[in-house]
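# Structural description and commentary
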Amino acid sequence: MKTISMLVCDNGLGHISRSIFVANYLARKFNIHFFSSAKKIEKFHLNKKINIKNLSIGDPKNDKKNYSKLKKINFKKYDINYSDNLIDKNIINKNFLLYSNFFWHQILNLKSRKYKLIENNLRKNNTPIFGNYIFQNIKCKLNCIKIGFLGKFEGKFKYNNNILISLGTAEIEKFKKKKIIERIKNILRNPNLKQYNFYIDKHYIRYLDQRKYNYKIFSYKPEMFKKISLAIIKPGFGILNDLFRHGIPIVNISFKFNKEFTFNTKELKKKKLILFETNLKNFPLKLKSKISKKKLFKIYKRYKSLKWNGEQEIFELLVKKFK
């Protein structure tokens with residue numbers, strides 16, 4: 001049985017979440033060594049056969065610090081090296097695969113000769129770069145393989161008053177964060193929204209005193225998604241995949257974040273995958289005018305018709321390539 005190293009970025013939880021989907025599927029036929037933050041992995045269900053290797057690669061801006069950690073790992077001993085969004089020229093070879101909807105150096109405008117060398121190595125080795133068929137956005141000519149969303153559609157249509165507000169776990173610029181939190185507070189204390197049950201992700205509850213604001217904590221467990229009928233989000237790929245999979249209509253936060261979110265927003269609008277956009281200040285008014293059972297069901301059906309089981313496509317390529 002061949003052994004795969006899986007190197008996973010832990011800047012936010014989205015990369016870990018989707019990599020666990022892939023790892024659990026690959027474990028049917030491969031031994032897996034999963035390199036990422038052990039603490040963050042605990043939040044998800046990882047197959048017990050998978051060997052966890054604690055390695056935290058945090059903020060991509062700390063380039064030198066992050067990649068000095070990779071030098072300590074002997075990637076040559078693995079039959080296949082798989083990475084989710086982390087690239088180093090020393091681990092790119094004929095047996096290297098990548099899952100990436102974007103490159104950090106392109107998103108963060110990092111300028112260095114080494115990134116050109118990395119792109120050249122990926123091109124030279126014809127490295128398969130898996131990415132979502134809607135949201136992959138890599139600006140160079142490489143072997144990009146566009147696959148479906150991860151998992152299978154598990155949604156059941158709901159029309160209730162349970163609303164999730166999710167800002168993700170990656171850091172937001174301080175002045176934007178302050179403005180967003182103030183506007184969330186206004187939503188939570190708005191007398192015209194008393195009939196709604198709001199859920200907030202745990203990462204942000206330290207800014208929102210539950211004695212002053214009426215909301216519940218959202219844990220991102222499958223049973224929690226089953227309660228929600230609408231989600232207000234910052235559109236990272238991880239939460240998008242989860243909400244599409246559970247058939248939960250999306251309201252997109254219109255603040256400008258980095259290039260990843262700008263691109264994702266553009267695609268969401270283009271494919272008509274959101275109900276509307278909000279700056280949070282105008283959310284109560286838009287909720288009243290733009291939400292109906294008919295509109296929610298239309299979006300739900302759109303999510304159901306998306307292309308699914310991307311992890312199976314990765315599995316099939318690996319089995320074929322590395323018999």
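Shown above is the structure to which this text applies.
Residues numbered from 1 in each chain as written. Predicted model: local features only at pLDDT ≥ 70, side-chain atom pairs only at ≥ 80, totals over all residues. Heavy atoms only, no water.

## Describing the environment of leucine 296
Here leucine 296 lies in helix α11 (residues 293-304). Given a relative accessible area of 4%, leucine 296 falls into the buried group. Counting along the chain gives 21 residues from leucine 296 to leucine 317, while the straight-line C-alpha distance between them is 36 Å. Apart from the residues lying within four places of it in its own chain, the contact partners of leucine 296 are Phe157, Tyr159, Ser229, Leu230, Pro249, Leu275 and Ile291. (Helix = DSSP H or I, 4+ residues; strand = E, 2+ residues; numbered from the N terminus. Buried < 20%, exposed > 50% of the residue type's maximum accessible area, 1.4 Å probe, protein only. Contact = heavy atoms within 4.5 Å.)

## Quick notes on helix α5 (residues 113-124)
Between its first and last C-alpha atoms α5 spans 16 Å; for twelve residues at 1.5 Å apiece the expected length is 16 Å, and the two agree. The set of residues buried in α5 consists of Tyr115, Ile118, Glu119 and Leu122. Taken down its axis, α5 places every buried residue within 95 degrees of arc, on the same side. α5 presents Arg113, Lys116 and Lys124 as exposed residues on the side facing more than 90 degrees away from its buried surface. Just downstream of α5, asparagine 126 is the residue with a positive phi angle, here 50 degrees. (Expected span 1.5 Å × (residues − 1). Arc of directions from axis to C-beta.)

## So, unusual backbone geometry
Even without being glycine, tyrosine 220 reaches a positive phi, approximately 70 degrees. Residue placement: tyrosine 220 occurs in the loop between β10 (216-218) and α7 (222-225). Backbone geometry places leucine 280, a non-glycine residue, at a positive phi of 75 degrees. Its location among the elements puts leucine 280 in the loop between β13 (276-278) and α10 (283-290).

## A few points about empty space enclosed by the protein
Summed over all chains, the structure comprises three cavities of 30 Å³ or more. Here the second largest cavity defines a volume of roughly 60 Å³. Lining the second largest cavity, in full, are Asn101, Phe102, Ile107, Phe135, Asn137, Phe237, Lys259, Glu260, Phe263 and Asn264. Counting residues per element, the lining of the second largest cavity draws most heavily on helix α9 (residues 259-270), at four residues. In terms of residue class, the lining of the second largest cavity is built from five nonpolar, three polar and two charged. (1 Å grid on protein atoms, 1.4 Å probe; cavity = no way out; pocket = protein on both sides within 12 Å on 5 of 7 lines; lining within 4 Å. Points joined across faces, edges and corners; volume = space filled by probe spheres on them. Nonpolar A, V, L, I, M, F, W, Y, C, P; charged D, E, K, R; others polar.)

## Some words on the sheet that holds strand β12 (residues 250-253)
Pairing in this open sheet of six strands is parallel, and the strands run β10-β9-β8-β11-β12-β13 from one edge to the other. Across the chains shown, the open sheet's two edge strands, defined by having one partner strand only, are β10 and β13. Direction aside, the axes of adjacent strands within the sheet are offset by 30 degrees on average. Together, β8 (162-166), β11 (230-233) and β12 form the strand contacts of helix α8 (residues 237-245), whose direction differs from that of β11 by roughly 170 degrees. (Pairing = 2+ DSSP bridges. Axes fitted to C-alpha atoms, helices over the stretch in contact; angles between N-to-C directions.)

## Quick word on the pattern of salt bridges
As enumerated under the stated definition, the model contains seven salt bridges in all. For the salt bridge of glutamate 277 with lysine 269, the shortest nitrogen-to-oxygen distance reads 2.8 Å. (Salt bridge = Lys/Arg side-chain N within 4 Å of Asp/Glu carboxyl O.)

## A look at the environment of lysine 288
With respect to the helices and strands, the residue lysine 288 is situated in helix α10. A residue is classified by how much of its surface remains accessible, and lysine 288, at 73% relative accessible area, is exposed. As for lysine 288 and leucine 275, which are separated by 13 residues in sequence, their C-alpha atoms are 12 Å apart.

## Description of the sheet that holds strand β1 (residues 3-8)
The strands making up a sheet associate through hydrogen bonds between their backbones, and the pairing can be parallel or antiparallel. Pairing is parallel in the open sheet, where seven strands are placed in the order β3-β2-β1-β4-β5-β6-β7. Bordering the open sheet on either side are β3 (51-54) and β7 (144-147), each of which pairs with just one other strand. Averaged over neighbouring strand pairs, the angle between their axes works out to 20 degrees when direction is ignored. Relative to strand β6 (residues 129-132), strand β5 (residues 96-99) runs parallel, the two sharing two bridges. When the sheet's bridge partners are listed, tyrosine 99 is paired in β6 with phenylalanine 130. Contacting β1, β4 (80-84), β5, β6 and β7, helix α12 (residues 310-321) crosses the sheet at an angle of about 135 degrees to β7.

## Here we look at the packing of α8 against α9
Interaxial distance between α8 and α9 falls to 11 Å at its minimum, and their mutual angle equals 30 degrees. With respect to each other, α8 and α9 are oriented roughly parallel. When α8 is examined against α9, the residues Phe237, Leu240 and Phe244 are found in contact with a partner set consisting of Glu260, Asn264 and Leu268. Classifying every residue of the contact of α8 with α9 gives four nonpolar, one polar and one charged. (Parallel < 35°, antiparallel > 145°, perpendicular 65-115°, else oblique.)

## Points about the packing of aromatic side chains
Tallying each qualifying case throughout the model produces 26 aromatic pairs. An aromatic cluster of three or more residues is present, and its members are Tyr133, Phe135, Phe149, Phe153, Phe157, Phe237, Phe244, Phe297, Tyr300, Tyr303 and Trp308. The ring centre of tyrosine 25 lies 3.8 Å from the NZ or CZ of arginine 28, which sits over that ring. Between lysine 307 and the ring centre of tyrosine 133, over which it is positioned, the NZ or CZ distance is 5.8 Å. (Phe/Tyr/Trp six-rings, centres within 6.5 Å; stacked < 30°, edge-to-face > 60°. Lys NZ or Arg CZ within 6 Å of the ring centre and 35° of its normal.)

## Comments concerning the nonpolar core
One recurring pattern in soluble globular proteins is that nonpolar side chains are buried together. If you look at the biggest cluster of nonpolar residues, it comprises 84 residues, and the most contacted ones within it are Phe198 and Phe244. The dominant element in this core, judged by the number of residues it contributes, is helix α1 (residues 14-26), at six residues. Dropping the residues within four chain positions of it, phenylalanine 244 is found in contact with Phe135, Phe149, Phe153, Ile250, Leu268, Leu273, Tyr303, Leu306 and Trp308. Judged by nonpolar contacts, the second largest core, of 26 residues, contains Ile91, Phe102, Phe103 and Ile129. (Core = buried A, V, L, I, M, F, W, Y, C linked by side-chain atoms within 4.5 Å.)

Scope: geometric values only; no functional claims are made or implied.
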